[in-house]
Amino acid sequence: MSNVDQPFIPEPALDRDCMTLSRHVLQQLHSFGAEAQDLSAIMNRIALAAKLIARRLTRAGLVAGALGFTGEMNVQGESVKKMDVYANDVFISVFKQSGLVCRLASEEMQKPYYIPENCPIGRYTLLYDPIDGSSNVDININVGSIFAIRQQEGLDEDGTASDLLQNNGRNQIAAGYVLYGPSTMLVYSLGTGVHAFTLDPSLGEFILSSENIRLPDHGSIYSVNEGNFWQWEEPLRDYIRYVHRHEGYTARYGGALVGDIHRILFQGGVFLYPGTVKKPEGKLRLLYESAPLAYLIEQAGGRASTGTQEILDVVPEALHARSPLIIGSKDDVALVESFIQDRARAVEERAARERSRIPQ
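First, a word on what this report is: a plain description of the structure on this page.

### Quick notes on the side chain of S290
Okay, step 1: Relative to the helices and strands, S290 is located in helix α7 (residues 286–299).
Okay, step 2: Overall, the relative accessible area of 0% leaves S290 in the buried class.
Okay, step 3: Excluding its chain neighbours within four sequence positions, the residues that come into contact with S290 are L284, R285, I311, S323 and L325.

### As for unusual backbone geometry
Okay, step 1: A positive phi angle is found at N212, which is not glycine, with a value near 55 degrees.
Okay, step 2: Relative to the helices and strands, N212 is located in the loop between β10 (205–210) and β11 (221–223).
Okay, step 3: Residue classification places N212 among the partly exposed residues on the basis of a relative accessible area of 45%.

### Some remarks on the pairing of strand β9 (residues 195–200)
Consecutive residues of a regular strand have side chains that alternate between opposite faces of the sheet.
Okay, step 1: Bridge analysis of strand β8 (residues 184–189) against β9 gives 4 bridges, and the strand direction is antiparallel. Following the sheet pairing, V187 is matched in β9 by A196.
Okay, step 2: The turn joining β8 and β9, which pair antiparallel and follow one another in sequence, is formed by 5 residues; a positive phi near 90 degrees is taken by G191.
Okay, step 3: Direction of pairing for β9 relative to β10: antiparallel, over a ladder of 5 bridges. The residue bridging F197 from the neighbouring strand is L208, located in β10.
Okay, step 4: The turn joining β9 and β10, which pair antiparallel and follow one another in sequence, is formed by 4 residues; a positive phi near 70 degrees is taken by G204.

### Focus: the pattern of salt bridges
Okay, step 1: The tally for this structure, following the rule as stated, stands at 13 salt bridges.
Okay, step 2: When the shortest N-O distance is used, the salt bridge between R103 and D156 registers 2.7 Å. Note that R103 is positioned in strand β3 (residues 101–106) and D156 in the loop between β6 (143–151) and β7 (172–180), a separation of 53 residues in sequence. Comparing R103 with D156, the two get one shared label, buried.
Okay, step 3: Between D342 and R345 there is a salt bridge whose closest N-O contact spans 2.8 Å. Residue D342 and its partner R345 are both found in helix α8 (residues 330–357); the two are separated by 3 residues, about one turn of the helix.
Okay, step 4: D342 sits in the partly exposed class, given a relative accessible area of 42%.
Okay, step 5: What makes R345 partly exposed here is its relative accessible area of 44%.
Okay, step 6: Salt bridges sharing partners connect three or more residues here, namely E234, R237, D238, R241 and R343.

### Brief notes about helix α3 (residues 34–58)
Okay, step 1: Between its first and last C-alpha atoms α3 spans 36 Å; for 25 residues at 1.5 Å apiece the expected length is 36 Å, and the two agree.
Okay, step 2: Inspection of α3 places A36, L39, S40, I42, M43, I46, A47, A49, A50, I53, A54 and L57 among the buried residues, and these make up the whole buried set.

Conventions we followed
- Residues numbered from 1 in each chain as written.
- Predicted model: local features only at pLDDT ≥ 70, side-chain atom pairs only at ≥ 80, totals over all residues.
- Heavy atoms only, no water.
- Helix = DSSP H or I, 4+ residues; strand = E, 2+ residues; numbered from the N terminus.
- Buried < 20%, exposed > 50% of the residue type's maximum accessible area, 1.4 Å probe, protein only.
- Contact = heavy atoms within 4.5 Å.
- Pairing = 2+ DSSP bridges.
- Salt bridge = Lys/Arg side-chain N within 4 Å of Asp/Glu carboxyl O.
- Expected span 1.5 Å × (residues − 1).

In short, geometric facts, not functional conclusions.
See the structure below:
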């Protein structure tokens, strides 16, 4: 039989179907050494937590006690959702007796949670927001989890986690998020690009779906809660007025940080959660939300800023420190910053004129 007569048999796509999260981590690190094995195992544990949370969310409307508030307040002074508590407990449970992580710090806990039996060998810290956008849970809209991995420095014998308050976000080893939506996706970076995995329920595995994701330098989307317009400083209002007057901009805001960032990551644009006149520090937590997402977006070619400083250069003053956040495509972040800089320049020039009128 000639080659022309032979039937076409497609090559099996097994390599792509078998690119699991743990295998991908090892490939990214180009190593099978102890550190690479540890990071692969930590990512596997995060994936396990994501599967458990995804299963709970899928059945939340049918499970007694899954929805609504607990009646308690967290360290941030916010009402605690039952799903917040469940998700936080899941992360703790999957890392107990893992030998991988010495302590976990979450926005739901006032102090870090220590796992003494892990500390002699597990020199890592997991920082996480167990359920981001938990107000969306009861109405079945996208929510997510955010995480970052850091190397523990020192013995932390006093239990204050002071080393976390001495370093900026560039000390993160890895960061990412899980999006619970029509499909469950895990997006992460080890400092070698940004990669997305989709949970295949039939396999029970996160399988690589997008590799080396890159943001465009400019996007049409701006994502911000415009209901706070009159609470912002004037430069942020100037920016919103600008996009209202110019064609080519589209407002998209879902009320869950992970979902809004996921859209920006794949389509470009800018997400803003600025401070207000009364609370210039903003709402988002630096260690659990802003810094991990900034790490991820920078790896994809974007930027993250407070408006005056790169997010990854900010050193937190407290475990639950907050920060304003302007994050997304490079050109769009720079445009928002330009309004802040222009306003600051105008204020300084006006002050200089006033000083020049005062007799010496």
